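The residues making up each chain are set out below.
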Amino acid sequence: MSDPRVKKLGMLLVKYSVKAQKGENVAINASPTATPLVEAIYEEVLKAGAVPVLRMAPDSLNEIFYKNAKRHHLTELSPYSMAYARMMDCFINVYSAENTKALTGINPKKQVLRAKANQPLSKIISKKRWNITLFPSNAYAQEAEMSLSEFEDFVYAATFCDRKDPLAAWRKVHNDQAKLISKLKGADEIRIVGPDTDLTLSVKGRTFVNSDGQRNMPSGEIFTGPVENSADGHITFDFPICYQGREIDGVRLVFRKGRAVDISAEKNEPFLKSMLAADPGATRLGELGIGTNRGIDRFIKMILFDEKIGGTIHLALGRSLEGTGGRNKSAIHWDMIKDLRKGGAIYVDGKLFQKDGRFK
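1. Looking at the overall build of the chain
Counting its regular elements, the chain contains twelve helices and 20 strands. Its C-alpha atoms give the chain a radius of gyration of 20 Å, within 12% of the compact-globule value 21 Å for 360 residues. In terms of overall dimensions, the chain has a C-alpha envelope of 50 × 50 × 40 Å along the principal axes. The 360 residues of the chain split such that 54% are buried. Residue pairs in contact within the chain that sit at least 24 positions apart in sequence constitute 72% of those at least 6 positions apart. A gap of 5 Å separates the mean positions of the 54 positive and 42 negative side-chain charges of the chain.

Now the structure itself:
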C-alpha cells in the first residue's frame, strides 16, 4: 500500500516549496530509489498545470563518473547542462542514496575540480526557485542507526507530513522564525561560546534569511552571511562532517581576521585540508545558521537534517548564500555543526540571545 505521507510530501514540495505555476517547467531530479516520491511530485506538478521535466539516474553513475572521467569531464560543463538550467523555472532535487560510502575512495582533487566547474550552473539555479529533499532509503536508515520504518517516521515527522495540514505547520515555522529575525535586526557582533569554543564574528549590514521549507525540506533555521574578515577566535565542532562518502570528525578551527589559520581534525584531516585548499574563499565563512527544528532531535549524518537540529548552530566555510548579503566566493560550501544544548550560548552585541539551546 502507498504511504499517504509520501503523497503529502509531494504536495508540499510542489504547492508550498517551489509554488509551481501553470505553464512553468519544473525539473525533478532523483534516482530510481525515490520512485514513490517522484510519482507524487509528478502528479502534483501536472495538477498545478506545470510541465514536469524528469531526470532519473542511478546513484552508481557518480562513482562511474569519477573513476572514468577525463580532465575535460571534470573541468567543463556541457552546453546541455547550461541550457537545461536556464530553461527550467524551478527545481526539486531528491536525495535517495543506496550507498552513502560509494565515493569514499575517489581522489578529492577530482571532486574539487568538478565543484569549480559547476559554479556557473549553481549561480543560475540559485536565482530560481529550488528545493532539496530526501526520500527515506535503507542507506540513510543505516547511517542514522534506525530501521527503515523508524527512519521513515523520523523523516515524515521532521517534514510535518505526519500531520493533517503540513502547509499550516510550515507557515507557523515561518512566523516563529520571523520573530527571531526581528530581534536580530541591526545586530553587529555575534559571539558563540561553548566547550573549547569562543568565536566572535560580525553580521553588520547582513540579512538573516527565514529558512521555512521553501529551499530545504525539512527546514527550520535562520541564517546569514558573516562579514568576511570578521571571524576571530576558535571553535570545535561536535558532529562529523559527512561529505560524499567520507566522515571528517573532531574538527577544530582557529580564525584570525576572518580566515581559518589553524585547521585540524581527529579523523580524515588530510581530506579536510585538501578541500579547504580549493580556493582563497574556502577558508572564510560563508554562512552562520541557527537551527530551530525541535522535531529533529538527533544527529543522523545527513546535513539536510542535522544543520536544522533545534539548539545547534552551524558555520559553513566557503560560498556565501543568496539573499544574505554575503560576498564570499568559493567552489565549496561546507556546513559544520556546534551543539549548544549542553553548556553553550549565543550573545548578540553583548546580550544573551540563546542559552543551552533555548532562546531568551
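After that view, the rundown keeps rolling.
2. A short note on the environment of Ala 85
One can find Ala 85 in helix α5 (residues 79-87). Using a relative accessible area of 0% as the deciding quantity, one classes Ala 85 as buried. Placed 211 residues apart in sequence, Ala 85 and Ile 296 show a C-alpha to C-alpha distance of 32 Å. Aside from chain neighbours lying at most four places away, what touches Ala 85 is Phe 91, Leu 121, Ile 124, Ile 125 and Lys 128.

3. Overview of the layout of surface pockets
Put simply, the second largest pocket is a space of about 330 Å³. What lines the second largest pocket is a set of 16 residues, among which Val 173, Asp 176, Thr 292, Asn 293 and Arg 294 lie closest to the centre. The set of elements that each furnish at least two residues to the lining of the second largest pocket consists of α10 (166-183) and β20 (358-359). Examining the composition of the lining of the second largest pocket, we find that six residues originate from one element, α10, more than from any other. Here the lining of the second largest pocket is composed, by residue class, of five nonpolar, six polar and five charged.

4. Structural notes on unusual backbone geometry
Backbone torsion omega between Met 217 and Pro 218 reads 10°, so that peptide bond is classified as cis. Not every positive phi belongs to a glycine, and Phe 160 is a case in point at roughly 70°. Inspection of the secondary structure puts Phe 160 in the loop between α9 (148-158) and α10. For Phe 160, a relative accessible area of 9% puts it in the buried group. Not every positive phi belongs to a glycine, and Lys 257 is a case in point at roughly 50°. Tracing the backbone through its elements, the reader meets Lys 257 in the loop between β13 (252-256) and β14 (259-264). Given the relative accessible area of 69%, Lys 257 is considered exposed.

5. Thoughts on the pattern of salt bridges
Across all of its chains, the model carries 21 salt bridges by this definition. Between Asp 196 and Arg 252 there is a salt bridge; the shortest N-O distance is 2.9 Å. Here Asp 196, found in the loop between β5 (189-194) and β6 (197-202), pairs with Arg 252, found in strand β13; they are 56 residues apart in sequence, far enough to count as distant. Accessibility expressed as a relative area gives 26% for Arg 252, which makes it partly exposed. Taking the shortest distance from any N to any O, the salt bridge between Arg 206 and Glu 228 comes out at 2.9 Å. With Arg 206 in the loop between β6 and β7 (209-211) and Glu 228 in the loop between β9 (221-224) and β10 (232-236), this pair connects stretches of sequence that are 22 residues apart. Accessibility classification places Arg 206 together with Glu 228 in one group, the buried group. Salt bridges here are not isolated pairs; linked through shared partners, they connect Lys 101, Glu 143, Glu 247, Lys 267 and Lys 301.

Cut-offs and rules
Residues numbered from 1 in each chain as written. Predicted model: local features only at pLDDT ≥ 70, side-chain atom pairs only at ≥ 80, totals over all residues. Heavy atoms only, no water. Helix = DSSP H or I, 4+ residues; strand = E, 2+ residues; numbered from the N terminus. Rg over C-alpha atoms; globule rule 2.2 N^0.38 Å. Buried < 20%, exposed > 50% of the residue type's maximum accessible area, 1.4 Å probe, protein only. Contact = heavy atoms within 4.5 Å. Lys, Arg positive; Asp, Glu negative; His and termini not counted. Charge placed at Lys NZ, Arg CZ, Asp CG, Glu CD. 1 Å grid on protein atoms, 1.4 Å probe; cavity = no way out; pocket = protein on both sides within 12 Å on 5 of 7 lines; lining within 4 Å. Points joined across faces, edges and corners; volume = space filled by probe spheres on them. Nonpolar A, V, L, I, M, F, W, Y, C, P; charged D, E, K, R; others polar. Salt bridge = Lys/Arg side-chain N within 4 Å of Asp/Glu carboxyl O.

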